[in-house]
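Chain residues, written in single-letter form:
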Amino acid sequence: KRGLETEFIGQNIEYFKSIDSTNTFAKNIAPKSDEGMVIISDEQISGKGRVGREWISKENEGIYFSIILKPDIDIMNASFLTQVAGAAMVSSLEKMGVESTIKWPNDIIVNGKKISGILTEMSAEIDQISYIVVGIGVNLYNQSFEEEIESKATSLKKEGYDIDKKEFLQRFFLEFEDLYKEFLSGDKESTISILRKKSAVLDKEVYIIDRTGKTKVYARDIDENGNLLVEKENGSIETIFTGEISIRGL
Ligand code: BTN
């Protein structure tokens, strides 16, 4: 067995049997914590998903954790950390024999259904970042989805993969740290190349969802900052920085 090979990610772990949300806890302790500190819980009472959704987090069904980061970067670049986490996720899964793709910006997909989501939250003063919390949930064994979720979500177990929690975390922390360090040194190339190679949306017809409704576009590329380049029906190219897209079946 390999053990944890990182320099700082996950070298300090606070582990809970139960917690409201690892992200909320991480945000509370972040000002006094070192970079790389990880909060893990067996269950979350009020796990948070993106856009105010709930992230159902029952014991023995998934992995729920948050990483505290303190990068000295411009606030404009902070959302790239979500992309770093997504890239680290697909590449650690690949090393464990699981083929997965990324539905931009941050859903991890196995066999056409979601197995993992990322919620990045930050605190900044003026334009200086104080800390960033990257929260990740992975569906390992869930068997109890409600019908509506059932059609869109799955677990590694359901897709036929037996993944050891500890081994997964050791691999993920290492992949994440490698890509994160590269990003801090000003190089996004490895992350971008994984995002392109493992994209679930490139070259497909997708819908951009925003306040004005749904707009049909074609996903053409992921740029050097992790943004999605889409082609509108009138042929013009637009850069999508964040938000929600939908794609047939996903
Ligand atoms: C999504 O909506 O896809 C993002 C889900 C993020 C869930 C994780 S589980 C650990 C961390 N703590 C939370 O409350 N949410 C994130």
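The structure presented is a predicted model; accordingly, all values stated were derived computationally and were not measured. (Residues numbered from 1 in each chain as written. Predicted model: local features only at pLDDT ≥ 70, side-chain atom pairs only at ≥ 80, totals over all residues. Heavy atoms only, no water.)

A. Structural view of the layout of surface pockets. By volume, the second largest pocket amounts to about 510 Å³. Lining of the second largest pocket is provided by 21 residues; of these, Ser79, Phe80, Thr82, Phe241 and Thr242 occupy positions nearest its centre. Listed by contribution, the elements that provide at least two residues to the lining of the second largest pocket are α2 (80-95) and β6 (113-125). Examining the composition of the lining of the second largest pocket, we find that four residues originate from one element, β6, more than from any other. Looking at side-chain class alone, the lining of the second largest pocket contains nine nonpolar, ten polar and two charged residues. (1 Å grid on protein atoms, 1.4 Å probe; cavity = no way out; pocket = protein on both sides within 12 Å on 5 of 7 lines; lining within 4 Å. Points joined across faces, edges and corners; volume = space filled by probe spheres on them. Helix = DSSP H or I, 4+ residues; strand = E, 2+ residues; numbered from the N terminus. Nonpolar A, V, L, I, M, F, W, Y, C, P; charged D, E, K, R; others polar.)

B. Main features of helix α5 (residues 189-197). Listed as buried for α5 are Thr191, Ile192, Ile194 and Leu195. Viewed end-on, α5 has its buried residues packed into an arc of 160°, placing them on one side of the element. In this structure, the buried residues of α5 make contact with α2, β4 (101-103), α4 (165-184) and β9 (213-222). (Buried < 20%, exposed > 50% of the residue type's maximum accessible area, 1.4 Å probe, protein only. Arc of directions from axis to C-beta. Contact = heavy atoms within 4.5 Å.)

C. Seen up close, the sheet that holds strand β1 (residues 13-19). Read from one edge to the other, the open sheet built from seven strands follows the order β1-β2-β3-β7-β6-β5-β4, with strand pairing classed as mixed. Of all the strands in the sheet, the pair left with one neighbour each is β1 and β4. Across this sheet, the average inter-strand angle for adjacent strands is 20°, counted without regard to direction. Where strand β5 (residues 107-110) lies against β6, four bridges are found, and the strand directions are antiparallel. Directly across from valine 110, in β6, lies its bridge partner lysine 113. (Pairing = 2+ DSSP bridges. Axes fitted to C-alpha atoms, helices over the stretch in contact; angles between N-to-C directions.)

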